[in-house]
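Take a look at the letters that make up each chain.
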Amino acid sequence: MPQLGDCTHHARVRMQQRGISDAALDLLLRYGRTTYHQSRRMLVYMDHGARRAALRDCGRAAGPLIDRVLRFCAVVSTGGLVITVCPRGSRVRRK
């Protein structure tokens, strides 16, 4: 799984524009589910099972941050580089 510092400049700009903190991205990358998106890219997102695991490990104090993470996803290259961070407009369709 990618590390927090492994982001493109584009991803950092999008995080700043969308108000996504480093801590929120770290939670997403640590607990999020992955599915393949557009041939060779991974889509990392939080579902409710991942939310429960994050709450169990991080505690109730991290609840508002975890709820915010549910609203976005990250596109990650096969090399582990975070390409962009975008809002989750709808359900993630898995094959």
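Refer to the structure presented above.
Residues numbered from 1 in each chain as written. Predicted model: local features only at pLDDT ≥ 70, side-chain atom pairs only at ≥ 80, totals over all residues. Heavy atoms only, no water.

Quick look at the pattern of salt bridges
Oppositely charged side chains are able to pair whenever their charged atoms sit close together.
(1) Moving on: Within the structure shown, the criterion is met by five salt bridges.
(2) Moving on: The shortest N-O distance in the salt bridge between Arg12 and Asp22 comes to 2.6 Å. One end of the pair, Arg12, is in helix H1 (residues 9–18); the other, Asp22, is in helix H2 (residues 22–31), with 10 residues separating them in the sequence.
(3) Moving on: Taking the relative accessible area as the measure of exposure, Asp22 reaches 38% and is therefore partly exposed.
(4) Moving on: Residue Asp47 is joined to Arg33 by a salt bridge in which the shortest nitrogen-to-oxygen separation is 3.2 Å. Residue Asp47 is found in the loop between strand S2 (41–45) and helix H3 (48–58), and its partner Arg33 is found in strand S1 (residues 33–37); the two are separated by 14 residues along the sequence.
(5) Moving on: Given a relative accessible area of 23%, Asp47 falls into the partly exposed group. (Salt bridge = Lys/Arg side-chain N within 4 Å of Asp/Glu carboxyl O. Helix = DSSP H or I, 4+ residues; strand = E, 2+ residues; numbered from the N terminus. Buried < 20%, exposed > 50% of the residue type's maximum accessible area, 1.4 Å probe, protein only.)

Points about the side chain of Thr84
(1) Moving on: By secondary structure assignment, the location of Thr84 is in strand S4 (residues 82–87).
(2) Moving on: Separated by 3.3 Å, the side chains of Thr84 and His10 make a polar contact. (Polar contact = N/O pair within 3.5 Å; in protein donor to acceptor, adjacent residues only side chain to side chain.)

Re the nonpolar core
(1) Moving on: Among the nonpolar cores identified, the biggest contains 26 residues, and Leu25, Leu28, Met46, Val82 and Val85 are the most heavily contacted of them.
(2) Moving on: Looking at this core, the element that brings in the most residues is H2, giving six residues.
(3) Moving on: Residues in contact with Leu28, not counting those within four places in the same chain, are Val44, Tyr45, Met46, Val69, Phe72, Cys73 and Ala74. (Core = buried A, V, L, I, M, F, W, Y, C linked by side-chain atoms within 4.5 Å. Contact = heavy atoms within 4.5 Å.)

Describing the sheet that holds S4
(1) Moving on: Pairing is antiparallel across the open sheet formed by four strands, whose spatial order is S1-S2-S3-S4. Only two strands of the sheet have a single neighbouring strand rather than two, namely S1 and S4. On average, adjacent strands in this sheet sit at an angle of 25° to one another, irrespective of strand direction.
(2) Moving on: As defined by bridge partners, S1 adjoins S2 across five bridges and the pair is classed as antiparallel. In the sheet register, Tyr36 faces S2, and the bridge partner there is Met42. (Pairing = 2+ DSSP bridges. Axes fitted to C-alpha atoms, helices over the stretch in contact; angles between N-to-C directions.)

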